[in-house]
Amino acid sequence: MSTKDNTPIPKWEKYAGPKKPSMKRRLEGHDYLGRGIYMVTIAIEGRRPLLGTLAGNPTVEEGEDSPHVILSPLGEKIKECWFNIPQFYPQIEVIKLCIMPDHIHGILFVHESIERHLGHVINGFKIGTRKAARALGLITTALPQLTQPQTGTSSSVMCTATPPQSSSPSHPVHGQLWEPNYNDRILHGKGQYARMLTYLDDNPRRLLIKRHHPNFFTNLGTIQVAGLPMQAMGNRFLLDNPVKLQIQCSRRLTQEEVEERKDSVLQIAQKEGAILVSPCISQGEQQIATAAMQANIPLIVLLLKGFPPYFKPQPRYIQACSEGRLLMISPFPYQNEKIENMRQRCLQLNAIAKSICE
């Protein structure tokens, strides 16, 4: 394919659709036909917990009582379908699958170029799992006709149907099983890949913590902070503490300088009972924030891009949030796009952090 002036169009642009302001938008300019490692997230429509039941104790790290999901019959079929993907796409290796009650995360490794892009692979998986859901009696209304991926083998048989179970709950929303589209994250480096594996393994524990402490994981709506309306989640009463200390570290600081500042900040915070306040953008700010969490020092974090739908705190913040030691705020609406005026926004957040501390 080429333009009118015969300039070749990159093969990924043939599949580019209109830009969508959501986490499900594909990465512009990325070749979804080529080699790559992807973490894919697909959610059940309506976020109904059809795939399993959360069980265990969030304080137990190993053993039968550690956090886990007991799969439903549909969850078992989802698992089967996911691990059957290489039968229909030999160029793809299944690395990981994490099934949560209302969504799944999976890591796929495309080790050779594929003829049809990743979206066709996910569409084939959805077709197979919908067939399983119908057989289990979870979908009770007619489904629209979908075009199946042309892979040489029909993906409509990716799941073996099982007899309907009348006791299974039906899905009430116009016969669909999954939300439209999916989210993908491209894992570029070894460090990112390792972090995602840990993230998926820890998913049940984080959800259990949230369920045990729902008051600290609920969006508080709009509150007034430093004279500005902000979205918030966490312990809003941290704002009432009379002693607050701003964390601000230039990216030009050496690691030795960051360590010196970290020791000084932690010492002052522990001595005076201060709340630390920061956007936690630079590497130094992130290191100090992590050390504060480990030392049980409360923290107010200003978010750079607002709160996305189904927002979850970063893994390092989960425990602090459950114990009321964290407040997350943002003066900005959610933004998935790249921030063009990054320096200006960072300066704005640092100014707000300073105002909160004063």
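Coordinates for the structure precede this section.
Worth saying up front: this structure is predicted, and the values here are computed from it rather than measured. (Residues numbered from 1 in each chain as written. Predicted model: local features only at pLDDT ≥ 70, side-chain atom pairs only at ≥ 80, totals over all residues. Heavy atoms only, no water.)

(A) Representation of the nonpolar core within the structure. Core analysis: the biggest nonpolar cluster contains 34 residues, and Leu74, Trp82, Ile85, Ile104, Leu118, Phe125 and Trp178 have the highest contact counts within it. Those elements giving two or more residues to this core turn out to be strand S1 (36-43), helix H1 (73-83), helix H2 (85-88), strand S4 (92-99), strand S5 (103-110) and helix H3 (118-135). No other element matches H3, which puts five residues into this core. Within the second largest apolar cluster, 29 residues are counted, among which are Met233, Ile247, Ala320 and Cys321. (Core = buried A, V, L, I, M, F, W, Y, C linked by side-chain atoms within 4.5 Å. Buried < 20%, exposed > 50% of the residue type's maximum accessible area, 1.4 Å probe, protein only. Helix = DSSP H or I, 4+ residues; strand = E, 2+ residues; numbered from the N terminus.)

(B) Spotlight on the sheet that holds strand S10 (residues 275-278). Taking strand neighbours across the sheet as the criterion, the six strands line up as S7-S8-S12-S11-S10-S9 in an open arrangement whose pairing is mixed. Of all strands in the sheet, those with a lone pairing partner are strand S7 (219-225) and strand S9 (244-246), marking the two edges. Across the sheet, the mean angle from the axis of one strand to that of its neighbour is 30°, orientation sign disregarded. Strand direction decides the pairing type here: S10 and strand S11 (residues 299-302), joined by three bridges, are parallel. When the sheet's bridge partners are listed, Leu276 is paired in S11 with Leu299. (Pairing = 2+ DSSP bridges. Axes fitted to C-alpha atoms, helices over the stretch in contact; angles between N-to-C directions.)

(C) Broad picture of the sheet that holds strand S6 (residues 183-186). Here four strands make up an open sheet; going across it, the order is S4-S5-S1-S6 and the pairing antiparallel. What marks the edges here is a single partner per strand, and that holds for S4 and S6. The sheet shows a mean angle of 20° between the axes of neighbouring strands, taken without regard to direction. Where S4 meets S5, seven bridges bridge the pair, whose relative direction is antiparallel. Within S5, the position partnered with Leu97 by the bridge is Gly106.

(D) How the structure looks around the pattern of salt bridges. Summed over all chains, the structure comprises seven salt bridges. Two residues, Asp202 and Arg205, come together in a salt bridge whose shortest N-O distance is 2.7 Å. Owing to a relative accessible area of 24%, Arg205 belongs among the partly exposed residues under this scheme. A salt bridge links Arg325 to Glu323; the nearest nitrogen and oxygen atoms lie 2.9 Å apart. The exposure class of Arg325 is buried, given its relative accessible area of 10%. Note on Glu323: relative accessible area 43%, which makes it partly exposed. Where salt bridges share partners, they join Asp202, Arg205 and Arg206 into one cluster. (Salt bridge = Lys/Arg side-chain N within 4 Å of Asp/Glu carboxyl O.)

(E) Fine view of the packing of H1 against H3. Direction vectors running N to C along H1 and H3 enclose 150°, while the axes themselves pass 10 Å from each other. By the angle between their axes, H1 is roughly antiparallel relative to H3. Note that H1 runs across H3; the crossing there is right-handed. Mapping the contact onto sequence places Leu74, Lys77, Ile78, Cys81 and Trp82 in H1 and Phe125, Gly128, Thr129, Ala132 and Ala133 in H3. Its residues assigned to classes, the contact of H1 with H3 shows seven nonpolar, two polar and one charged. (Parallel < 35°, antiparallel > 145°, perpendicular 65-115°, else oblique. Left-handed = near helix turned anticlockwise from the far one by under 90°. Contact = heavy atoms within 4.5 Å. Nonpolar A, V, L, I, M, F, W, Y, C, P; charged D, E, K, R; others polar.)

(F) Structural context of the packing of helix H7 (residues 283-294) against helix H8 (residues 315-322). Contact pair H7 / H8: the axes reach a minimum separation of 10 Å and the direction vectors enclose 40°. By the angle class used here, H7 and H8 are oblique. Two packed elements cross with a definite hand, and for H7 against H8 that hand is left-handed. Two secondary-structure elements touch here, H7 through Gln286, Ala289, Thr290 and Met293 and H8 through Arg316, Tyr317 and Ala320. Looking at side-chain class alone, the contact of H7 with H8 contains four nonpolar, two polar and one charged residues.

(G) Representation of helix H4 (residues 190-201). If you check H4, its first and last C-alpha atoms are 17 Å apart, about what 12 residues at 1.5 Å a residue would give, namely 16 Å. If you check which residues of H4 are buried, you get Met196, Tyr199 and Leu200. Taken end-on, H4 shows its buried residues confined to a sector of 90°, consistent with a single buried face. Turned more than 90 degrees from where H4 packs its buried face, Lys190, Arg195, Thr198 and Asp201 sit exposed. At its buried positions, H4 is contacted by S1, S4, S5, S6, helix H5 (203-212) and H8. (Expected span 1.5 Å × (residues − 1). Arc of directions from axis to C-beta.)

(H) Local environment of a negative patch on the surface. A grouping of Glu256, Glu257, Glu260 and Asp263 is seen on the molecular surface, where their side chains present a negatively charged patch. Residue placement: Glu257 occurs in helix H6 (residues 255-272). What makes Glu257 partly exposed here is its relative accessible area of 37%. (Patch = residues over 30% accessible without salt bridge, like charges linked within 9 Å, V, L, I, M, F, W, Y side chains within 5 Å. Areas by Shrake-Rupley, 256 points an atom, 1.4 Å probe, with all protein chains shown as cover. Lys, Arg positive; Asp, Glu negative; His and termini not counted. Charge placed at Lys NZ, Arg CZ, Asp CG, Glu CD.)

(I) Region of the structure containing unusual backbone geometry. We note that Asn181 has phi near 65°; this positive angle belongs to a residue other than glycine. Relative to the assigned elements, Asn181 resides in the loop between H3 and S6. Positive phi is not limited to glycine here, since Cys280 has a value of about 55°. Along the chain, Cys280 falls in the loop between S10 and H7.

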